[in-house]
Amino acid sequence: MKIWKIVEFTDELDKKDYIECNDTTKEIFNNNIKEKILCIGQVQSGKTRRIIECIKYSLYEKKYDIVIFVAGTNNRLYEQSKQRIIDSNFNNDIKILFKEDIKRNSYREGNQYLLVISKGGNGKDLTNTLDFLTPINKNNKNILFIDDESDYASINNDKYNQSAIYEKMTDAWDRVKNGKYLLVTATPFANLVSLNSMEMRPNKVLVWGTNNDYYGLEKFNNSNVYEIVNSNKNDENLYLLDVEKVFNYFVKTILENYYFFKNDIKNEISCLFNISLKTDIHENIYEKIQSLINKYCNNLNLFFEKNKIENNIQNRKILLNILCDEISVILLNEENKNINIPKKFNIYISGVMASRGNTFENLVTQLNINSPNEGKLSVDTLLQRCRWFGYRSNIFKYMKIFVNNDIYESLLESKKYLDLLIPGFHIPEDLCRKIKLIDTSENTMYVKSTSKR
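Residues numbered from 1 in each chain as written. Predicted model: local features only at pLDDT ≥ 70, side-chain atom pairs only at ≥ 80, totals over all residues. Heavy atoms only, no water.

Peer 1: Give me the lowdown on the overall build of the protein, citing residues and values where you can.
Peer 2: Per the secondary structure count, the protein includes 17 helices and 18 strands. Taking 22 Å as the expected radius of gyration for a compact globule of 453 residues, we find that the protein reaches 23 Å, a close match to that expectation. In terms of overall dimensions, the protein has a C-alpha envelope of 75 × 50 × 40 Å along the principal axes. Going through the 453 residues of the protein one by one, you find that 58% of them count as buried. Split by element, the accessible area of the protein, about 19800 Å² in all, is 45% carbon and sulfur. Looking at the protein, you have 63 positive and 59 negative side-chain charges, and the mean spots of the two groups are 3 Å apart. (Helix = DSSP H or I, 4+ residues; strand = E, 2+ residues; numbered from the N terminus. Rg over C-alpha atoms; globule rule 2.2 N^0.38 Å. Buried < 20%, exposed > 50% of the residue type's maximum accessible area, 1.4 Å probe, protein only. Areas by Shrake-Rupley, 256 points an atom, 1.4 Å probe, with all protein chains shown as cover. Lys, Arg positive; Asp, Glu negative; His and termini not counted. Charge placed at Lys NZ, Arg CZ, Asp CG, Glu CD.)

Okay, here's the thing in structure tokens:
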């Protein structure tokens, strides 16, 4: 039997926690029944690590023939997962094919395959994967299918027709005779309550737990980290004032803790603005931040006066370094995603690409006023935008999250949904019934599929 271990990375980058395959992963594979298992992990709680654990266990211990890992919905998420696969040091006898390799390769009998693809491009990668599977005699093959962010794009929204991604997902699963389908997400509500996705309803639900270093909804709701702002995404004058406030907080925090961030934290330090899905608003924020950097570079005294920081020679030198050499402002959307190169201190401006799956290292602060014009956010959309969740113990005391009152109240209210997700195995029908009971009560959030964009 092969011995293998996995490295768990947290925000404490010097800490490497080597763990062996846990009991819940083993239980996923403890029978030979073809089944769909909904696997739930909190936002930024280590779901990719769990996925890699399942992949390794299925290939090494259970001798699965093929693993298909559908890694996210856009190129950034795909590249993030691809790098994690590369860094995981799979045995050389596992044939790994990334999405760019699949079309020019054919299945060879006797090999074990790991196919890593995405849901982007209207299912082009899934089409190539189906072509790869076509010539295989699947009656005697064990296949593991892993759908990351399974509540996004994989859910069918149309009552009368199947969406393109959903149709390809169900087609791929129909071709599996022996194996498992893992639907992985942090926000499983659409998977459980959608009436239009019955073919992909899970047979069972597994909720993964977290350790004490994880900072999620409960710890943030019980802290003083949130600051309520009055701006909204439809009032440019108001939201630009809050952009300046958050920018000043970010730079001030770096300045006051410069040597800790510079020397003790090896990865980048981040700030995130999620105000709107509209790219023209992203451009406005970008221009505002660049103007602030230029203004302060030309008049350092102004920053010290505004933020009440001691204006000594050392602080002036550090501030100049931060503003001129060590900070980068990055537009993260499909139109301008590579406009600047990340540095030590990075300010991200985004919408859709900041709302799901993307990890922002050492996120010190975020401005999130991206709420609907009317009504409340659906619980899945809200929680996926909480990019400040994660293993934040080493930077938590420096964090401040700026949100409007609608989002703040929704964060408090969403706890009743997450309270249902107790670690361990669940019966899907029980969870579905409990979600619907919350949904039909007064003053609750609106749970719906957010997969259609």
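Peer 1: An account of the side chain of Lys 82 is requested, with residue identities and associated values reported.
Peer 2: Inspection of the secondary structure puts Lys 82 in helix H3 (residues 75-87). Classification of Lys 82 as buried rests on a relative accessible area of 15%. The residues contacting Lys 82, other than those within four sequence positions of it, are Phe 98 and Glu 100. (Contact = heavy atoms within 4.5 Å.)

Peer 1: Could you give me a rundown of the nonpolar core, with the residues and numbers involved?
Peer 2: Ranked by size, the top nonpolar core spans 118 residues in total, and within it Phe 247, Phe 273, Ile 289, Trp 388 and Phe 389 carry the most contacts. Take this core: its biggest share by element is ten residues, from helix H9 (residues 236-256). Of all hydrophobic cores here, the second largest spans 28 residues; its members include Ile 28, Phe 29, Tyr 57 and Val 116. (Core = buried A, V, L, I, M, F, W, Y, C linked by side-chain atoms within 4.5 Å.)

Peer 1: Give me the packing of helix H11 (residues 279-298) against helix H12 (residues 300-307): which residues, what numbers.
Peer 2: For the pair H11 and H12, interaxial distance at closest approach is 4 Å and the crossing angle is 105 degrees. Viewed along their axes, H11 and H12 adopt a mutual orientation that is roughly perpendicular. Mapping the contact onto sequence places Lys 295, Tyr 296, Cys 297 and Asn 298 in H11 and Leu 300, Leu 302, Phe 303 and Lys 306 in H12. Each residue belonging to the contact of H11 with H12 can be placed in one class, and the counts come to five nonpolar, one polar and two charged. (Axes fitted to C-alpha atoms, helices over the stretch in contact; angles between N-to-C directions. Parallel < 35°, antiparallel > 145°, perpendicular 65-115°, else oblique. Nonpolar A, V, L, I, M, F, W, Y, C, P; charged D, E, K, R; others polar.)

Peer 1: Let's hear about H3: which residues, and what values?
Peer 2: Every α-helical turn comprises 3.6 residues, leaving residues that sit three or four positions apart pointing alike. The end-to-end C-alpha distance of H3 is 18 Å, a good match for the 18 Å that 13 residues give at a rise of 1.5 Å each. All buried positions along H3 are accounted for by Leu 77, Tyr 78, Ser 81, Lys 82 and Ile 85. Mapping the buried residues of H3 onto a view down its axis gives an arc of 135 degrees, with all of them on the same face. Residues of H3 that are buried in the fold lie against helix H2 (47-61), strand S4 (66-70), strand S5 (94-98), helix H4 (99-102) and strand S6 (112-117). Positive backbone phi, at 55 degrees, marks Asn 89, one or two positions downstream of H3. (Expected span 1.5 Å × (residues − 1). Arc of directions from axis to C-beta.)

Peer 1: If you had to explain helix H5 (residues 120-133) to someone new, which residues and values would you point to?
Peer 2: With 14 residues, H5 extends 19 Å from end C-alpha to end C-alpha; this agrees with the ideal 20 Å at 1.5 Å per step. Listed as buried for H5 are Gly 120, Gly 123, Asp 125, Leu 126, Asn 128, Thr 129, Leu 130, Phe 132 and Leu 133. Residues of H5 that are buried make contact with S4, S5, H4, S6, strand S7 (142-148) and helix H6 (164-174).

Peer 1: Please provide a residue-by-residue account of the pattern of salt bridges, values included.
Peer 2: In this structure the tally under the stated criterion is 17 salt bridges. The closest approach of N and O atoms between Lys 306 and Glu 244, which form a salt bridge, is 2.8 Å. Of this pair, Lys 306 sits in helix H12 while Glu 244 sits in helix H9, and the two are 62 residues apart along the sequence. Owing to a relative accessible area of 11%, Glu 244 belongs among the buried residues under this scheme. Close ionic contact of Asp 419 with Lys 415 constitutes a salt bridge, the shortest N to O distance being 2.9 Å. Because the salt bridges share partners, they merge into one network encompassing Glu 227, Asp 242, Lys 245 and Lys 400. (Salt bridge = Lys/Arg side-chain N within 4 Å of Asp/Glu carboxyl O.)

Peer 1: Please provide a residue-by-residue account of the pairing of strand S12 (residues 269-274), values included.
Peer 2: Consecutive residues of a regular strand have side chains that alternate between opposite faces of the sheet. In terms of burial, S12 is largely enclosed, as six of its six residues are buried. Here S12 shows a buried face lined by Ile 269, Cys 271 and Phe 273 and a second buried face lined by Ser 270, Leu 272 and Asn 274. Of the pairings in the sheet, the one linking S12 to strand S14 (residues 345-350) comprises six bridges and is parallel in character. If you follow Phe 273 over to S14, its bridge partner there is Ile 349. (Pairing = 2+ DSSP bridges.)

Peer 1: Summarise the environment of Lys 415; cite the residues concerned and give the values.
Peer 2: Structurally, Lys 415 can be placed in helix H16 (residues 415-418). Here the alpha-carbon distance between Lys 415 and Glu 218, two residues 197 residues apart in the chain, equals 7.3 Å. Residues contacting Lys 415, with those up to four places away along its chain left out, are Leu 217 and Glu 218.

Peer 1: Summarise the packing of aromatic side chains; cite the residues concerned and give the values.
Peer 2: Using the criterion set out here, one finds 27 aromatic pairs in the structure. Geometrically, the ring pair formed by Phe 303 and Phe 304 is edge-to-face, given 6.4 Å between the ring centres and 80 degrees between the ring planes. For the residue pair Phe 303 and Phe 304, the accessibility class agrees, reading buried in each case. Ring pairs connect the aromatic residues Tyr 215, Phe 220, Tyr 226, Trp 388, Phe 389, Phe 396 and Tyr 408, which therefore count as one cluster. (Phe/Tyr/Trp six-rings, centres within 6.5 Å; stacked < 30°, edge-to-face > 60°.)

Peer 1: Break down the environment of Asp 93 for me, citing the residues and quoting the values.
Peer 2: Its place among the elements puts Asp 93 in the loop between H3 and S5. With relative accessibility at 45%, the residue Asp 93 sits in the partly exposed group. With 18 residues separating them in the primary sequence, Asp 93 and Asn 111 have C-alpha atoms 7.6 Å apart.

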